[in-house]
Amino acid sequence: MSVLTATNVGQSFGAYDVFSGVSVSVPDGGKIGLVGPNGVGKTTLLMILAGLSQPETGQVHIPRNIRLGYLSQESADAFSGRTHTVYDEMLVVFSDLLKMGEQLQKLETEMSSSQAPEQLLEQYSALQERFEHAGGYDYEQQIKRVLTGLGFLEDTWQQPLDQLSGGQKTRALLARLLLEKPDLLILDEPTNHLDVAAIEWLEGTLRLWDGAVLLVSHDRYFLDRVVDNIWEMNPRGIDQYRGNYSAYLQQRGDRWELKNKQYDALQERLAKEMDFIRRNIAGQRTQMAQGKLSRLAREVEALSLIHI
């Protein structure tokens, strides 16, 4: 099952075409690294796939039941105007659990104040089962694990969000996204603002992530340890490769070697054909030469596309 599908997506700014022809699909559980030269539009594409920007052409489809989380490169404005603490922001993820916990406490009070009727006991038992199944007894450990993993010392947990640095806000947003556990994580340079220990922790977390991950990173070692597919972006679309970044480099080298052989063989044949055309374009074989010339024009165009 695909958690996201893009069909013929393109984007332009004025007369400038950034990219076009992007048709891709993110499988459930897939770990994908998006690579390409600077300026090719990787961040723009991520924003389109995340639903934060509309493409000039094409469309993006996300199934209705799929939850998506997006981390931009710089998330300094993510918590603008929020004065509650880092820890309180993490608790927002578990608001439904906290409400259930309050209901359980209320029921416990009612049961202790008088002889509890059977109906009240059944209600309490059912709610407690739901609470436990949803992680009601370990969400605090989840928060501690994620905040610690991303480098937040415990004395910063009670720090107001509006007092955090830009890098800390980006890490706080990443922490909240990981706790939310969306079906698809879209991450733009997630290792920015992380030290070595936090990067290693994030690598392990994403490798074991139950959902899908689509990320942009210039850290080839991070890509090697996390992804199982590489999308190489260019102005005409995306070329897909199976495996991590090292596997991608090997496959790309093999593809270019094959293209170069095809290019050299085609050049050799073109030279022979042009020699025939020059010798016969004004003779008895003029029609045949003109036909060859038209066909060569089409092949030269295709050749230029192969060798870009």
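Scroll up for the structure.
Report follows, based on the coordinates. (Residues numbered from 1 in each chain as written. Predicted model: local features only at pLDDT ≥ 70, side-chain atom pairs only at ≥ 80, totals over all residues. Heavy atoms only, no water.)

**Section: the overall build of the protein**
- When you go through the protein residue by residue, the secondary structure sums to ten helices and nine strands.
- Out of the 308 residues belonging to the protein, those deemed buried represent 42%.
- Taking as baseline every contact in the protein between residues at least 6 positions apart, the subset at least 24 positions apart corresponds to 66%.
- Accessible surface for the protein amounts to roughly 17400 Å². Of this, 49% is attributable to carbon and sulfur atoms. (Helix = DSSP H or I, 4+ residues; strand = E, 2+ residues; numbered from the N terminus. Buried < 20%, exposed > 50% of the residue type's maximum accessible area, 1.4 Å probe, protein only. Contact = heavy atoms within 4.5 Å. Areas by Shrake-Rupley, 256 points an atom, 1.4 Å probe, with all protein chains shown as cover.)

**Topic: the pattern of salt bridges**
- The tally for this structure, following the rule as stated, stands at five salt bridges.
- The partner of Glu232 in a salt bridge is Arg252, with the nearest N and O atoms 3.2 Å apart. Here Arg252 lies in helix α9 (residues 245–280) and Glu232 lies in strand β8 (residues 229–234), a separation of 20 residues in the sequence.
- One connected set of salt bridges, linked through shared partners, spans Glu89, Arg176 and Glu180. (Salt bridge = Lys/Arg side-chain N within 4 Å of Asp/Glu carboxyl O.)

**Describing the side chain of Asp224**
- Locating Asp224 in the fold gives a position in helix α8 (residues 220–226).
- For the buried Asp224, which has no salt bridge, the nearest side chain bearing the opposite charge is Arg220, at an N-O separation of 4.5 Å.
- Here Tyr245 takes part through its backbone nitrogen, which lies 3.1 Å from a polar atom of the side chain of Asp224.
- The contacts of Asp224, once residues within four sequence positions are left out, are Asn244, Tyr245 and Ser246. (Lys, Arg positive; Asp, Glu negative; His and termini not counted. Polar contact = N/O pair within 3.5 Å; in protein donor to acceptor, adjacent residues only side chain to side chain.)

**Things to note about unusual backbone geometry**
- Although it is not a glycine, Asn8 adopts a positive phi angle of roughly 50°.
- With respect to the element layout, Asn8 can be found in strand β1 (residues 2–13).
- Relative accessible area serves as the criterion here: at 43%, Asn8 is assigned to the partly exposed category.
- Of note in this structure, Lys181 is not a glycine but carries a positive phi near 55°.
- Positionally, Lys181 belongs in the loop between α6 (166–180) and β6 (184–188).

**Quick look at the nonpolar core**
- Membership of the largest hydrophobic core comes to 52 residues, with the highest contact counts inside it found for Ile143, Leu147, Leu150, Leu178, Leu206 and Leu215.
- Of the residues forming this core, the biggest block, seven residues, is contributed by α6.
- With residues near it in sequence (within four places) discarded, Leu215 still touches Ile32, Gly33, Leu34, Leu187, Leu206, Phe222, Leu223, Val226 and Val227.
- Formed by 27 residues, the second largest nonpolar core is a distinct cluster that contains Val18, Phe19, Tyr70 and Ala212. (Core = buried A, V, L, I, M, F, W, Y, C linked by side-chain atoms within 4.5 Å.)

**Describing the packing of aromatic side chains**
- In this structure the tally under the stated criterion is five aromatic pairs.
- Geometrically, the ring pair formed by Phe94 and Tyr139 is tilted, given 5.5 Å between the ring centres and 35° between the ring planes. Of this pair, Phe94 sits in the loop between α2 (86–92) and α3 (95–113) while Tyr139 sits in helix α5 (residues 139–149), placing them 45 residues apart in sequence. In this structure, Phe94 and Tyr139 share a single accessibility class: buried.
- Between the NZ or CZ atom of Arg220 and the centre of the ring of Tyr221, over which it lies, the distance is 5.8 Å. (Phe/Tyr/Trp six-rings, centres within 6.5 Å; stacked < 30°, edge-to-face > 60°. Lys NZ or Arg CZ within 6 Å of the ring centre and 35° of its normal.)

**Things to note about the pairing of β8**
- Within β8, five of the six residues are buried, which leaves the element mostly enclosed by the surrounding structure.
- Sheet topology note: the strand β3 (residues 31–35)/β8 ladder contains four bridges and is parallel. Looking across to β8, one finds that Gly33 is bridged to Ile230.
- Note that β8 and strand β9 (residues 237–242) share six bridges and pair antiparallel. Bridged to Asn229 within β9 is Arg242.
- Hairpin connection between β8 and β9: a loop of two residues separates the two successive antiparallel strands. (Pairing = 2+ DSSP bridges.)

**Some thoughts on the sheet that holds β8**
- Read across the sheet, six strands follow the order β5-β6-β7-β3-β8-β9 without closing on themselves; strand pairing throughout is mixed. At either margin of the open sheet sits one strand with a lone partner, and together these are β5 (68–71) and β9. On average, adjacent strands in this sheet sit at an angle of 15° to one another, irrespective of strand direction.
- Direction of pairing for β3 relative to strand β7 (residues 212–216): parallel, over a ladder of four bridges. Considered in β7, the bridge of Gly33 is made with Leu215.
- Across the sheet, helix α1 (residues 42–49) is in contact with β3, β5, β6, β7, β8 and β9; its angle to β6 comes to roughly 155°. (Axes fitted to C-alpha atoms, helices over the stretch in contact; angles between N-to-C directions.)

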